[in-house]
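Tertiary structure, described
Chain residues, written in single-letter form:
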Amino acid sequence: MGAAKTPPGTKGSNRRSGPGRAHGSLRAVARALHLPVTGTARGIRRATHAHGAGESGLGKLIELHGVNGAGDVMITIALASTVFFSVPTDEARGRVALYLGVTMAPFTLLAPVIGPLLDRLPHGRRAAMAGAMLARAMLALVLSGAVITGSIELYPAALGVLVSSKAYGVVRSAVVPRLLPPKFSLVKANSRVTLGGLLATGIAAPVGIGLQQVGPRWPLYGAFVIFMAGMFLSFTLPSKVDSAKGEDTALLAADEQHLHGPHLKPVKRPGLRTVGIAVTHALGANAAIRCLSGFLIFFLAFLLREHPMTGQSAAVSLGMVAVSAGAGNALGTAVGAWLRSRAPEIIIVTVVAFVTGAAITAAVFFGTVLIAGLAAIAGFAQALAKLSLDALIQRDVPELVRTSAFARSETLLQMAWVLGGAIGIVLPLNGTLGLMVGAGIVATGWLTTLRGLLGSARSGGTARPRVA
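Report on the accompanying structure. (Residues numbered from 1 in each chain as written. Predicted model: local features only at pLDDT ≥ 70, side-chain atom pairs only at ≥ 80, totals over all residues. Heavy atoms only, no water.)

1. Things to note about the overall build of the protein
The line we're drawing: Secondary structure counts use DSSP, requiring at least four H or I residues in a row for a helix and at least two E residues in a row for a strand, with both numbered from the N terminus. Whether a residue is buried, partly exposed or exposed follows from its accessible area with a 1.4 Å probe, protein chains only, as a fraction of its type maximum: under 20%, in between, or over 50%, in that order. Working rule for contacts: check all heavy atoms of both residues, and any pair within 4.5 Å makes them a contact. Values of accessible area rely on a 1.4 Å probe in the Shrake-Rupley scheme; residue burial ignores everything except the protein chains shown.
Scanning the protein from terminus to terminus reveals 14 helices and zero strands. Every one of the 468 residues in the protein was classed for burial, and the buried ones make up 49%. Summarising the internal contacts of the protein: among those between residues at least 6 apart in sequence, 82% fall at separations of at least 24. Carbon together with sulfur atoms contributes 67% to the accessible area of the protein, which is approximately 21700 Å² in total.

Shown next as structure tokens:
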């Protein structure tokens, strides 16, 4: 009698079933790990490409701006821990003063240059945005060494990051009008782009803080990766962003320039002062709010470092204020899209008055809740006033110079922020005194622009520039 035979295929089947089950399990695990990433990516893509933004290319710009915000916050976290928390208060104030001084001087020189320079590169906007991303990626690597050694190269590298960031912002302002979906206002488009950047910043901030716990270089390595991705993403924007059809250069003053057209007749190139009082007064009010923003960031940073909120560390206290400001800014951006059809002048007058009252209240009844509330209100007012300024430029500035006008206004607002920060670091660390100074800054902007804005609102904004 022979031994019982194994049924055909049984042994081979057992051999295949083990590896097959293992491969199936691995595929299931891979799908489980992959789904949150792909699902999140698809969700982001649906949100950024909604309402025609995908077809027009605005969705890709929203995503690019999110990458820009994420990279910037990584660098900010790394520099804040190096320049601010790692040294005694007096030395930190000196370092930050040097940082602002190095920042202010070049921006003063670049203000009349960077806008026209980029205006002359209309066919290279994608390349300019990619170049700004690449420059910050390389500078992040330079900073990764400087934050360890504390060498003087920290400051020029940080300045290079700021200038590159500014160049990106100027080009982005010029690109938005080229990517408007049908029935989209410029204010709504700017609101969506800004909100995308804020959300990305909110997501990247805790990641950057976690990397900071690993080591001071790691947020900068993260910034390098993010900005390199942004460089490649810049070239995915539609080719129409490089079009300069119908554009010219806006000037901040009514500059009489003789442009020889087909009939060789001199013409007057319109500037921001030739478009009526609404734009210039709105720009003044926005500069006051931006100055207050810079002031609060630096003044509260040093104040809360020496006198943290009750029961909290300095870092937690600053984090609470930063979160309040970010939440207010995001809310203002969202509300701005809803209010886009209302009178922008009235919105600006209202929010500036509101933040002035909040600053005075926080100064008189100085306390933890009021500080956080002021930060939130200031963030809300800054976002809503800026969107209203955008609406006025869209309404009152001729199309042929509109994108250049956005570039010039952004540069002035950046300068106002730096000026406010400089004021904040030289004041004594007295909460009531400091907040009264902040209230004075924004109240001055409100009082000097109130009449002009109300007058424009009463006239219905019907005044238009004369272009001879």
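The discussion continues.
2. Considering the pattern of salt bridges
Convention followed: Counted as salt bridges are all cases of a side-chain nitrogen of Lys or Arg within 4 Å of a carboxyl oxygen of Asp or Glu.
All chains considered together, the criterion is met by two salt bridges. Two residues, R136 and D72, come together in a salt bridge whose shortest N-O distance is 3.0 Å. Of this pair, R136 sits in helix α5 (residues 125–149) while D72 sits in helix α3 (residues 58–85), and the two are 64 residues apart along the sequence. By the burial criterion, R136 is buried, and D72 matches it. A salt bridge links K386 to D390; its shortest N-O distance comes to 2.7 Å. Here K386 pairs with D390, and both are found in helix α12 (residues 368–396), just four residues apart, close to one helical turn. The class for K386 is buried, based on a relative accessible area of 12%.

3. Concerning the environment of F366
One can find F366 in the loop between α11 (344–364) and α12. C-alpha of F366 to C-alpha of T432: the two residues are 66 residues apart in sequence and 6.4 Å apart in space.

4. Here we look at the packing of aromatic side chains
Geometry of an aromatic ring pair is reported as the spacing of the ring centres plus the angle between the planes. Applicable threshold: Stacked, tilted and edge-to-face pairs are distinguished by plane angle, under 30 degrees for stacked and over 60 for edge-to-face with tilted covering the rest, among Phe, Tyr and Trp rings (Trp via its six-membered ring) whose centres lie within 6.5 Å.
Within this structure, the stated rule accounts for three aromatic pairs. Taking the centre distance of 5.4 Å and the plane angle of 5° together, the rings of F295 and F299 count as stacked. Here F299 and F295 lie together in helix α9 (residues 277–306), a separation of four residues that amounts to about one turn. No difference in accessibility class separates F295 from F299, as the two residues are buried. Aromatic pair F298 and W417: ring centres 5.5 Å apart, planes at 65°, arrangement edge-to-face. Residue F298 is located in helix α9, and its partner W417 is located in helix α13 (residues 399–426); the two are separated by 119 residues in the primary sequence. The class of F298 is buried, set by a relative accessible area of 11%.

5. A word on the nonpolar core
Spelled out, the test is: The nonpolar core is taken to be a set of buried Ala, Val, Leu, Ile, Met, Phe, Trp, Tyr and Cys residues, with the residues joined through side-chain atoms within 4.5 Å.
Ranked by size, the top nonpolar core spans 49 residues in total, and within it L296, L300 and V351 carry the most contacts. Of all the secondary-structure elements, those providing two or more residues to this core are α9, α10 (314–338), α11, α12, α13 and α14 (431–458). Sort the elements by how many residues they give to this core and α9 lands first, with 15 residues. With residues up to four places along the chain from it excluded, the contact list for V351 reads F380, A381, L384 and A385. Grouped together as the second largest cluster of nonpolar side chains are 43 residues, L64, V176, L220 and M231 included.

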